[in-house]
Amino acid sequence: MWPSLRRRHGTAPKYANLDKMNPGSLLLSGVMMLEYIGWKEAAKAVIDGYVKTVGQKIVTYDFAD
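**Student:** Account for a nonpolar patch on the surface, naming residues and giving values.
**Tutor:** A cluster of nonpolar residues, Leu27, Leu28, Ile47 and Val51, forms a patch on the protein surface that exposes about 310 Å² of accessible area. Elements supplying a minimum of two residues to the nonpolar patch: helix 1 (24-36) and helix 2 (40-55). Here isoleucine 47 lies in helix 2.

This is the structure in structure tokens:
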């Protein structure tokens, strides 16, 4: 049986193309999927990239405070 591997938030069309939505939930859902199917190296690459990006302060407004 496949686990539920979907992002855990709704859509927010009013924020489309405004660079205001945090993609973390979507990225981490993808990481869970990659880990589940055994693609550990790909999952690690996504996490490493996300950590590096946040570390460079390339973030959405909810992180910027």
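**Student:** Run through the environment of alanine 42, naming residues and quoting values.
**Tutor:** Take alanine 42: it is sitting in helix 2. On the accessibility criterion, alanine 42 (29% relative accessible area) is partly exposed. Separated by 12 residues in sequence, alanine 42 and glycine 30 have C-alpha atoms that sit 9.9 Å apart.

**Student:** Please provide a residue-by-residue account of helix 1, values included.
**Tutor:** Owing to its 3.6 residues per turn, the α-helix brings residues three or four apart onto one side. Between its terminal C-alpha atoms helix 1 stretches 18 Å, which fits the 18 Å expected from 13 residues at 1.5 Å a residue. Here helix 1 has its buried residues at Gly24, Ser29, Val31 and Leu34. As for helix 1, its buried residues are in contact with helix 2. In the segment just after helix 1, glycine 38 is the residue with positive phi, at about 90 degrees.

**Student:** A description of the pattern of salt bridges should follow, citing residues and the corresponding values.
**Tutor:** Scanning the model with the defined rule gives 1 salt bridge in all. Taking the shortest distance from any N to any O, the salt bridge between lysine 44 and aspartate 48 comes out at 2.6 Å. Note that lysine 44 and aspartate 48 are positioned in helix 2 at a spacing of 4 residues, about one turn of the helix. A relative accessible area of 51% places lysine 44 in the exposed class.

**Student:** Could you give me a rundown of the packing of helix 1 against helix 2, with the residues and numbers involved?
**Tutor:** One way to put it is that helix 1 packs onto helix 2 with a least axis distance of 8 Å and a crossing angle of 160 degrees. On the basis of their axis angle, the class for helix 1 and helix 2 is roughly antiparallel. Viewed along their axes, helix 1 and helix 2 form a crossing whose handedness is left-handed. When helix 1 is examined against helix 2, the residues Gly24, Leu27, Val31, Leu34 and Glu35 are found in contact with a partner set consisting of Lys40, Ala42, Ala43, Val46, Ile47 and Tyr50. Across the contact of helix 1 with helix 2, the residue classes tally to 8 nonpolar, 1 polar and 2 charged.

Rules of the game
- Every chain's residues receive numbers from 1 upward, in the order its sequence appears when written.
- With pLDDT at 70 or above as the cut-off, local features in this predicted model cover only qualifying residues; side-chain atom pairs require 80 or more to be listed or tallied, and sums for whole chains, interfaces and linings still use all residues.
- Remark: hydrogens and water are excluded; side-chain values derive from all non-hydrogen atoms of the structure.
- What makes a patch is a set of residues exposed beyond 30% relative accessible area and free of salt bridges, joined within 9 Å when like-charged and within 5 Å when nonpolar (Val, Leu, Ile, Met, Phe, Trp, Tyr).
- Residue burial considers only the protein chains on display, and all accessible areas are found by Shrake-Rupley using a 1.4 Å probe.
- In the sections that follow, a salt bridge refers to a side-chain nitrogen of Lys or Arg positioned within 4 Å of a carboxyl oxygen of Asp or Glu.
- To qualify as a helix, a DSSP run of H or I must reach at least 4 residues; to qualify as a strand, a run of E must reach at least 2; elements of each kind are numbered from the N terminus.
- Between buried and exposed lies partly exposed: a residue is buried under 20% and exposed over 50% of the maximum accessible area for its type, with that area taken using a 1.4 Å probe on protein chains only.
- A helix is expected to reach a length of 1.5 Å times the quantity of its residues less one.
- Contacts are residue-level and defined by heavy atoms, with any inter-residue pair within 4.5 Å sufficient.
- Throughout, an axis means a line fitted to C-alpha atoms (over the contacting stretch in the case of helices), and angles, computed between N-to-C directions, take values from 0 to 180 degrees.
- Orientation categories follow fixed angle ranges, with anything under 35 degrees roughly parallel, anything over 145 roughly antiparallel, 65 to 115 roughly perpendicular, and all other angles oblique.
- Definitions for this section: a left-handed crossing has its near helix turned counterclockwise from the far helix by less than a right angle. A right-handed crossing has that turn clockwise.
- Three categories are distinguished: nonpolar for Ala, Val, Leu, Ile, Met, Phe, Trp, Tyr, Cys and Pro, charged for Asp, Glu, Lys and Arg, and polar for the others, with Gly belonging to the last.

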